[in-house]
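Chain by chain, the residues run as shown.
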Amino acid sequence: MTRLALGILFCFASLSASAQVPQSALCAPHEKVVEDFKKLHGEYVIVRGLVNQLQMFELLWNSKTKTWTAIVTTPRGQACLVGTGTALNLLPIQSSDPA
């Protein structure tokens, strides 16, 4: 996992850690959302993590177009769009081991 992906994961996790998914958010069953973004935008899940041990955060990315989408999935399996963007580049993994 790269530092950039981890940074994005922690950023979104921090933003949504204290808040529920907004009722106005675009939501659909998780499997449908992931499949639709794969078919329509060529984006695949590259990062997955838990928010408050209840919700799952995922970052989808297209390595050719550099577009990305962030979703949060509720315990009931509804995936909700929390962000999209462009120009996402993954950085090389940096070792945190001082040796």
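Here goes a summary of the coordinates provided.

1. Quick notes on the state of the cysteines
Step number 1: Within the structure shown, the criterion is met by one disulfide.
Step number 2: Two residues, Cys-27 and Cys-80, share a disulfide whose sulfurs are 2.0 Å apart. Because the sign of the S-S torsion sets the handedness, a value of about 115 degrees for the bond joining Cys-27 and Cys-80 places this disulfide among the right-handed ones. Note that Cys-27 is positioned in strand 1 (residues 27–29) and Cys-80 in strand 5 (residues 78–85), a separation of 53 residues in sequence.
Step number 3: A relative accessible area of 2% means that Cys-80 is categorised as buried.

2. Let's talk about unusual backbone geometry
Step number 1: Positive phi is not limited to glycine here, since Lys-66 has a value of about 70 degrees.
Step number 2: Within the fold, Lys-66 resides in the loop between strand 3 (55–61) and strand 4 (68–73).
Step number 3: The class of Lys-66 is partly exposed, set by a relative accessible area of 27%.
Step number 4: The backbone of Ala-87 shows a phi angle near 60 degrees, a positive value even though the residue is not glycine.
Step number 5: Relative to the elements of secondary structure, Ala-87 occurs in the segment after strand 5.
Step number 6: For Ala-87, a relative accessible area of 56% translates into the label exposed.

3. Some thoughts on the sheet that holds strand 1
Step number 1: Pairing in this open sheet of five strands is antiparallel, and the strands run 1-5-4-3-2 from one edge to the other. The open sheet has two edge strands with one neighbour each: strand 1 and strand 2 (44–51). Geometrically, the sheet is characterised by an average inter-axis angle of 30 degrees between neighbouring strands, direction not taken into account.
Step number 2: Pairing geometry for strand 2 and strand 3, over seven bridges, is antiparallel. Counted as the bridge partner of Tyr-44 is Trp-61 from strand 3.
Step number 3: Sheet contacts for helix 2 (residues 30–41): strand 1, strand 2, strand 3, strand 4 and strand 5; angle to strand 1, the most-contacted strand, approximately 100 degrees.

What counts, and where the lines are drawn
Residues numbered from 1 in each chain as written. Predicted model: local features only at pLDDT ≥ 70, side-chain atom pairs only at ≥ 80, totals over all residues. Heavy atoms only, no water. Disulfide = S-S within 2.5 Å. Helix = DSSP H or I, 4+ residues; strand = E, 2+ residues; numbered from the N terminus. Buried < 20%, exposed > 50% of the residue type's maximum accessible area, 1.4 Å probe, protein only. Pairing = 2+ DSSP bridges. Axes fitted to C-alpha atoms, helices over the stretch in contact; angles between N-to-C directions. Contact = heavy atoms within 4.5 Å.

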